[in-house]
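# A look at the structure
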Amino acid sequence: MSSDGKQREHDERLAELLRRVLEEGLDPASREALDMIEDNDTEGGDVEGSVARSQAVIGLLDRSAGEQRADLAGARAVDPRHAAQVRRFVAERTGHGRRSGSLVLVVAALAAAAGFALWLAPWRGADAPAGPEVHLGSGVDVRADANGLAWELAPAPGGWFVVVVRDGAGNELARSPQLFAPVWPLPAAERAAWPADATFEIEVRDGTGQLETTLRTR
Amino acid sequence: VDVAPGARTRADVHAEASAPGEGVDPQDLARDARLVRDALAGDRAAAERLAERLMCVPRVLGAINARRGGRLSSHDLEDLIGDCLLGIWRKLGSYHGEATLEGWLYRFCFLEFMNKARLLSRRPEVSKPELLQHESPEVAIDRDLEREDLERTLLRLGPPDSDVVRLKHYDELTFEGIGRALGITTKMAKTRYYRGIAWLQRELATQLRERRA
């Protein structure tokens, strides 16, 4: 039998004996069997030691659980600042962080619409769709609206996107912060400053920050 | 998160095994698992409820820090809150209702707190001078081993045995309740529990012995 197998068998026998000893008392048969196991154990030991260790572990578990319950039952008040931080955090990661309907945003959107349409013009060829979608390579459609750029691609849990804008020569013009939802809120005025031959790269990173793929315009 | 529609989680089994009068209502475990699953799947209402539940994170970290004499400054604690939220979000997909959501969050926060405290102390390990004063490693486990050792060893033990041990101690379920909750016999619940205890005692004793060597 392999050493792993022996260890497993040892643990199984010990577990059964512990159950009998701790639940039913240290009867002579259990003591004898436990003695045999302990004798075979490379560390040696005795019945009392084994029982004491088990009870010590159980005591440690109970203490740990008690401390946890006490901490969880402690002060109930949540600092409003922390409450806002948590709400914002979850909203950003579940794609519910964008707010619409604000009068200010609506007015801003209307004001930006005309200029933004001009900015989109270079990407619209004869075969381009009439709607506001801009295709940035295979597999992802990017919508451009007054609130910024948005695309239909869910990040991995904890993952994020980074969008890099480059000019025709490949020079970086702009780089988004970490975007935990598929949207880059960006003023139309800022985008209007980019040249017509600007290209986009969307880096897709997983929850560990590892780069999964990069989607590019062509 | 890859959860097939209609897939049964362990907590769904908990829900069917509800037994009044035990430590934690298995229905709560099922609800917690479903809440997390729905929130990660993009359900807005679930996400908002999850945010409410996650508000225990700053509170718990504050309590842990207070219990340990304020080892972290308020600035470090603020950093840790952000780090914990990020780490929790990355791990939430692995939560399957094996404990209450708050209990699961607490353990995550506790281990992250210990990591941060160790990092700030600029020592590779938390100093445990009192640990080295005892001569008998076996009988010293109860006094000396800290919760961190226990939690990390429980993580290494892993399910299903660690689930049984946690449900027994942290959520105060009886063996009968654990058996019903996990869909196993009471005898199997006991076997897994004592097997877990036997494994924990061996591992913790070994750690203590190595630390002294």
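Residues numbered from 1 in each chain as written. Chains lettered and ligands numbered in written order. Predicted model: local features only at pLDDT ≥ 70, side-chain atom pairs only at ≥ 80, totals over all residues. Heavy atoms only, no water.

## Points about the packing of aromatic side chains
Residue and element names in this part refer to chain B. Scanning the entire structure with this criterion turns up five aromatic pairs over all chains. Consider the rings of Phe175 and Tyr194, whose centres lie 6.1 Å apart with planes at 40 degrees: the pair is tilted. Of this pair, Phe175 sits in helix H10 (residues 175-182) while Tyr194 sits in helix H11 (residues 186-212), and the two are 19 residues apart along the sequence. Residue classification places Tyr194 among the buried residues on the basis of a relative accessible area of 5%. Pairwise contacts between aromatic rings join Phe175, Tyr193 and Tyr194 into one cluster. Its guanidinium or amino end placed over the ring of Tyr170, Arg107 lies 5.3 Å from that ring's centre, counting from NZ or CZ. (Phe/Tyr/Trp six-rings, centres within 6.5 Å; stacked < 30°, edge-to-face > 60°. Helix = DSSP H or I, 4+ residues; strand = E, 2+ residues; numbered from the N terminus. Buried < 20%, exposed > 50% of the residue type's maximum accessible area, 1.4 Å probe, protein only. Lys NZ or Arg CZ within 6 Å of the ring centre and 35° of its normal.)

## Quick notes on the sheet that holds strand E8 (residues 211-216) of chain A
Residues and elements named next belong to chain A. Here four strands make up an open sheet; going across it, the order is E5-E4-E7-E8 and the pairing antiparallel. Two strands lie at the open edges of the sheet, namely strand E5 (172-175) and E8, each paired on one side alone. Neighbour-to-neighbour, the strand axes of the sheet open up by a mean angle of 20 degrees, direction not taken into account. Alignment of strand E7 (residues 199-205) against E8, held across five bridges, turns out to be antiparallel. Pairing of Val204 across the sheet is with Thr213, part of E8. (Pairing = 2+ DSSP bridges. Axes fitted to C-alpha atoms, helices over the stretch in contact; angles between N-to-C directions.)

## Side note on the interface of chain B and chain A
Contacts between the two partners involve 55 residues from chain B and, on the opposite side, 50 residues from chain A. For chain B, the biggest contributors to the area lost against chain A are B:Arg59, B:Trp89 and B:Tyr194; these three give 15% of the whole. Counting across the chain B and chain A interface gives five salt bridges. A:Arg69 is paired through a salt bridge with B:Glu172; the nearest N and O atoms lie 3.7 Å apart. Inspection of the region where chain B meets chain A yields 10 residue pairs in polar contact (both at pLDDT 80 or more). Every element with two or more residues in the side of chain B that touches chain A is listed here: helix H3 (44-54), helix H4 (56-67), helix H5 (74-91), helix H6 (101-121), helix H7 (137-144), helix H8 (147-157), helix H9 (161-169) and H11 of chain B. Among the elements that take part in the side of chain B that touches chain A, H11(B) stands out by supplying 14 residues, more than any other. In terms of residue class, the side of chain B that touches chain A is built from 30 nonpolar, six polar and 19 charged. (Contact = heavy atoms within 4.5 Å. Buried area = accessible area lost by both parts, 1.4 Å probe. Salt bridge = Lys/Arg side-chain N within 4 Å of Asp/Glu carboxyl O. Polar contact = N/O pair within 3.5 Å; in protein donor to acceptor, adjacent residues only side chain to side chain. Nonpolar A, V, L, I, M, F, W, Y, C, P; charged D, E, K, R; others polar.)

Honestly, that's just the spatial picture; any functional story needs more than this.
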